[in-house]
Amino acid sequence: MAPEDTRDEPPLTGDEATLLSAFLDFHRQTLEWKCAGLTPEQLATRSVATSDLTLLGLVRHLAAVETGWLVGFGGLPADIWPEVLRDGDEHWRVDPGSVTAAEVEAAWATWRAAAGAVREVVQQVPLDTRDRPWGRDEEHSLRWILLHLIEEYARHNGHADLIREAIDGATGE
């Protein structure tokens, strides 16, 4: 049975920053919903034997994505959560036989902190502000980055939906 859906629907009207933030929060809440009520072992269950993709890996990856794209904006220091920005492949590697509740809570705490930091940046920095995230040569506007984060969450929430269905049959939007 699927967990109760308590996500906040984005508003139908509003200024650009409000709408972008609301859609990003909706997708963050979707990830939480897809992971709700699962054990650490279930969160560390691979989608298929040939893939490292897990729900816990998605939480870790999306914390790194939010952090990496926004370091530099709004005064976020470059060394924020260095363990989050380590080897990208490592985010996915989780052993369902040894994962602990403490590891799961640490991943969620980091993810929540990253999301909170991004919310602060959006409140403080104009959408046209540019930076070179991830050490890239090209400048990206905060607007582009927020749209990219929405796309990133939407894609991975599709993965999360399939993984959750494979774990316990729960489906949803």
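Throughout this document, residue positions are counted from 1 along each chain, in the order its sequence is written. In keeping with the predicted nature of the model, local features appear solely for residues at pLDDT of at least 70, side-chain atom pairs appear and are counted solely at 80 or more, and the whole-chain, interface and lining totals rest on all residues. Think of the side-chain values as coming from all heavy atoms in the structure, minus any hydrogens and water.

*Asks:* Explain the overall build of the chain to me, and be specific about the residues and the numbers.
*Replies:* A count of helices and strands for the chain gives 5 helices and 2 strands. Elements are defined by DSSP. Helices are runs of H or I of four residues or more, strands are runs of E of two residues or more, and each kind is numbered from the N terminus. For the chain, the α and β elements follow one another from N to C terminus as α-α-α-α-β-β-α. Categorising residues by exposure relies on relative accessible area from a 1.4 Å probe, with only protein chains included: less than 20% of the type maximum marks a residue as buried, more than 50% marks it as exposed, and the intermediate range marks it as partly exposed. In the chain, which comprises 173 residues, the share counted as buried stands at 43%. Across the chain, the fraction of contacts at a sequence separation of at least 24, relative to all contacts at a separation of at least 6, is 72%. Computed with a 1.4 Å probe, the accessible areas rest on the Shrake-Rupley method; for each residue, only the protein chains presented here act as cover. In the structure as shown, the chain presents an accessible area of about 8800 Å², 53% of it carried by carbon and sulfur atoms. We call two residues in contact whenever any of their non-hydrogen atoms come within 4.5 Å of each other.

*Asks:* Account for the pattern of salt bridges, with residues named and values stated.
*Replies:* Just to be clear on terms, a salt bridge is a Lys or Arg side-chain nitrogen sitting within 4 Å of an Asp or Glu carboxyl oxygen. Enumeration according to the criterion identifies 16 salt bridges in this entry. Note that Arg7 is salt-bridged to Asp5, the shortest N-O span being 2.8 Å. Two residues, Arg28 and Glu66, come together in a salt bridge whose shortest N-O distance is 2.6 Å. Taken together, the residues Arg28 in helix α1 (residues 16-35) and Glu66 in helix α3 (residues 55-70) connect sequence positions 38 residues apart. Classification of Glu66 by relative accessible area gives buried; the value is 1%. When salt bridges with common partners are traced through the structure, they connect Asp25, Arg28, Glu66 and Arg119 into a single cluster.

*Asks:* Give a detailed account of the environment of Glu66, specifying residues and quantitative values.
*Replies:* With 50 residues separating them in the primary sequence, Glu66 and Gly116 have C-alpha atoms 9.9 Å apart. Here Glu66 is in contact with Arg28, Ala114, Ala115, Val118, Leu149 and Tyr153, once residues within four sequence places are set aside. Of the polar contacts made by the side chain of Glu66, one reaches the side chain of Arg28; its length is 2.6 Å. Here a polar contact is taken to be a pair of N or O atoms separated by no more than 3.5 Å, where protein atoms must pair a possible hydrogen donor with a possible acceptor and residues adjacent in sequence count only if both atoms sit in side chains.

*Asks:* Could you give me a rundown of the packing of aromatic side chains, with the residues and numbers involved?
*Replies:* Ring pairs (aromatic) are described by centroid distance and by the angle formed between their planes. Any pair of Phe, Tyr and Trp rings, taking the six-membered ring for Trp, is counted once the centres come within 6.5 Å. Such a pair is stacked with planes under 30 degrees apart, edge-to-face with planes over 60 apart, and tilted for the rest. As enumerated under the stated definition, the model contains 2 aromatic pairs in all. Arranged with centres 5.3 Å apart and planes meeting at 50°, the rings of Trp69 and Trp144 form a pair that is tilted. Of this pair, Trp69 sits in helix α3 while Trp144 sits in helix α5 (residues 142-168), and the two are 75 residues apart along the sequence. A residue is classified by how much of its surface remains accessible, and Trp144, at 40% relative accessible area, is partly exposed. Looking at Lys34, its charged tip hangs above the ring of Trp33, at a distance of 4.3 Å from the centre. Two conditions define a charge sitting above a ring: the NZ of Lys or the CZ of Arg must be within 6 Å of the ring centre, and it must be within 35 degrees of the ring normal.

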